[in-house]
Amino acid sequence: MTDPETTARNRYFVIAGSRIAGVAGALLGLVLIGRAQILEQKILGTAIVLSALLMIAIVPRALARRWRTPPQN
């Protein structure tokens, strides 16, 4: 129903959006660390930053691997 170019464009936007969401999460964590008054808030901010960096590293690669073109035999 949809042509391959539209599908590829939409998948590219999803991968780019996942990267942007990861960066936004890391920035949120850094702001939380910077404004933290107590240790628990700093720990939470650090956890958010680490999980966002992990998301930036893993999610786009997993999506690209899932959506790659199958090899032609």
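As a reminder, the structure under discussion sits directly above these lines.
What comes next is a walk through the structure. (Residues numbered from 1 in each chain as written. Predicted model: local features only at pLDDT ≥ 70, side-chain atom pairs only at ≥ 80, totals over all residues. Heavy atoms only, no water.)

1. As for helix α1 (residues 4–35)
Point 1. For α1, which comprises 32 residues, the first-to-last C-alpha distance of 47 Å matches the rise-based estimate of 46 Å (1.5 Å per residue) to within 8%.
Point 2. The set of residues buried in α1 consists of I15, S18, G22, G25, A26 and G29.
Point 3. Those residues of α1 that are buried lie in contact with α2 (39–67). (Helix = DSSP H or I, 4+ residues; strand = E, 2+ residues; numbered from the N terminus. Expected span 1.5 Å × (residues − 1). Buried < 20%, exposed > 50% of the residue type's maximum accessible area, 1.4 Å probe, protein only. Contact = heavy atoms within 4.5 Å.)

2. Here's the deal with α2
Point 1. Along its 29 residues, α2 runs 42 Å from first to last C-alpha, staying within 8% of the 42 Å computed at 1.5 Å per residue.
Point 2. Where α2 bends most, at M55, the angle is about 30 degrees.
Point 3. In this structure, the buried residues of α2 make contact with α1. (Bend = angle between axes of the 7 residues up to and from the residue.)

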